[in-house]
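Overview (structure and organization)
In case you want the letters, here they are:
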Amino acid sequence: MWLSSVLRPASLTAARSCARRQYGTRKPKGPDGHKSSYEYKFLWQNTYEGRQTSHKPPQLLWTAYTFPKPEQTTVSFDEMKSLQKDGVKKVVGAIIKHGFAFISEVPTDVESTRSAVEKICAIKRSFFGEMWGMEGSDLMHSDTAYTSEFIGAHTDSTYFSQACRIQVFHCLEVASEGGENLLVDGFSVAQQFKEKYPEGYAFLSSESFPSEYLEEGQHHSSLDTVFKHNPETGCLSQFRYNIYDRAPLSSIPHEKIQDFYIHFSNLTKIIRDPKNEHWLRLEPGTVLLIDNWRVMHGRRSFSGRRAMIGCYLDNEEFTSSARVLGLKLE
């Protein structure tokens, strides 16, 4: 009972004042004589009011003009090996803050790439395997990534009930022409969309749409909203957008179909606005890690041989590592 009376005030100052008035400097005893001691900051941060008023999202949104500088997002492979885990903390911190990070000076082979990534957390196994590879247009899977065609900005695995959290790319061999990679900050796009089209934002936050993946031996399907929010803070927690995985639009009534196409089209225009697009060429030795719940990726068409390897990290594993490192996630 004593905790609830301390937690009710609407500010940390009020909570401290109340605690002093009611209990002075004594520590309340439980029925067994045990004394418990809590920091005021801990008490306040773990109340409903405290969570609502003290919440400051760690994400720093960007556009093509405010794209973070390399020193803010890049860590060398040697730094990742540090026993103090300073390099790992910087990589994970950059992913949380900017939505992506780079690991430089990684040997151009599968095992070295795996070693670098596993410094963060365990690799997720999906039907693509753990470490997957793409060379040219091998069509190992029924996925546009296994072609040489242009791929617009999107998030991966929207056909899973929980999309993969971290997407990893390591280009082992650059194409003779084309193949540059695209990054778009989905949270920045969401903010722009909400400001310009509030009705559209509300629609795509409340109406669920189907996504699907089909190939021999595999059939994955999921139904979810484009924008997902933290139920406690109300902040945007996930952005799901993939026109390549869209399934027949059976989840909304006929009278809302036109609304869907209007809102989805307006969102797509913002995503494809050049001011939101950052293009880069991944060079051998540099591993790119993307928060797939926030940042969209894409690719220009290419010709010639282009070898790419990569993997996924699951949400639970990644967020656990972040908490162990003492990093704030949202």
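Residues numbered from 1 in each chain as written. Predicted model: local features only at pLDDT ≥ 70, side-chain atom pairs only at ≥ 80, totals over all residues. Heavy atoms only, no water.

**Digging into the overall build of the chain**
Check the secondary structure of the chain and you find twelve helices and 16 strands. Sequence-distant contacts, at least 24 apart, represent 77% of the contacts inside the chain between residues at least 6 apart. (Helix = DSSP H or I, 4+ residues; strand = E, 2+ residues; numbered from the N terminus. Contact = heavy atoms within 4.5 Å.)

**Here's the deal with the packing of helix α9 (residues 186-196) against helix α11 (residues 257-271)**
Two elements in contact, α9 and α11, have axes whose closest approach is 10 Å; the angle formed by their N-to-C orientations is 130°. Considering their axes alone, α9 and α11 lie oblique with respect to each other. α11 is crossed by α9, and the crossing has right-handed handedness. Between α9 and α11, the contacting residues are Val-189, Gln-192 and Phe-193 on the first element and His-263, Asn-266, Leu-267, Ile-270 and Ile-271 on the second. Split into classes, the residues belonging to the contact of α9 with α11 amount to five nonpolar, three polar and no charged. (Axes fitted to C-alpha atoms, helices over the stretch in contact; angles between N-to-C directions. Parallel < 35°, antiparallel > 145°, perpendicular 65-115°, else oblique. Left-handed = near helix turned anticlockwise from the far one by under 90°. Nonpolar A, V, L, I, M, F, W, Y, C, P; charged D, E, K, R; others polar.)

**Quick notes on the sheet that holds strand β13 (residues 287-291)**
As summarised here, the arrangement of the six strands in space is β1-β2-β13-β5-β16-β3, forming an open sheet in which the pairing is mixed. The open sheet has two edge strands with one neighbour each: β1 (74-76) and β3 (132-135). The sheet shows a mean angle of 20° between the axes of neighbouring strands, direction not considered. Those strands touched by helix α7 (residues 86-98) are β1, β2 (100-104), β5 (166-173) and β13, and its axis lies near 150° from that of β2. Of the strands in this sheet, β2, β5, β13 and β16 (307-313) are in contact with helix α8 (residues 110-117), which crosses β16 at around 30°. (Pairing = 2+ DSSP bridges.)

**What about the pattern of salt bridges?**
Within the structure shown, the criterion is met by twelve salt bridges. The salt bridge partner of Asp-78 is Lys-81, with a shortest N-O separation of 3.8 Å. With a closest N to O distance of 2.9 Å, Asp-291 and Arg-165 form a salt bridge. With Asp-291 in strand β13 and Arg-165 in the loop between β4 (151-154) and β5, the pair connects residues that are 126 residues apart, well separated along the chain. Given the relative accessible area of 6%, Asp-291 is considered buried. Here the salt bridges do not stand alone but share partners, grouping Glu-111, Arg-114, Glu-118 and Glu-130 into one network. (Salt bridge = Lys/Arg side-chain N within 4 Å of Asp/Glu carboxyl O. Buried < 20%, exposed > 50% of the residue type's maximum accessible area, 1.4 Å probe, protein only.)

**So, the pairing of β16**
Counting buried positions along β16 yields seven of seven residues, so the element is predominantly enclosed. Residues Ala-307, Ile-309, Cys-311 and Leu-313 point to one face of β16 and Met-308, Gly-310 and Tyr-312 to the other, with burial holding for every one of them. Relative to β16, β3 is paired through four bridges, and the arrangement is antiparallel. Note that in β16 the partner of Met-134 across the bridge is Met-308.

**Some details on α11**
For α11, spanning 15 residues, the distance from its first C-alpha to its last is 21 Å, which sits close to the expected 21 Å at 1.5 Å a residue. Where α11 is concerned, the buried positions are Phe-260, His-263, Phe-264, Asn-266, Leu-267, Thr-268, Ile-270 and Ile-271. (Expected span 1.5 Å × (residues − 1).)

**Quick notes on the side chain of His-170**
Positionally, His-170 belongs in strand β5. In terms of polar contacts, His-170 uses its side chain to reach the side chain of Thr-113, at 2.8 Å. Beyond its immediate sequence surroundings of up to four residues, His-170 is in contact with Val-106, Pro-107, Thr-108, Thr-113, Pro-284, Gly-285, Thr-286, Val-287, Ala-307, Met-308 and Ile-309. (Polar contact = N/O pair within 3.5 Å; in protein donor to acceptor, adjacent residues only side chain to side chain.)

So far we have only geometry, and geometry alone does not tell us how the molecule works.
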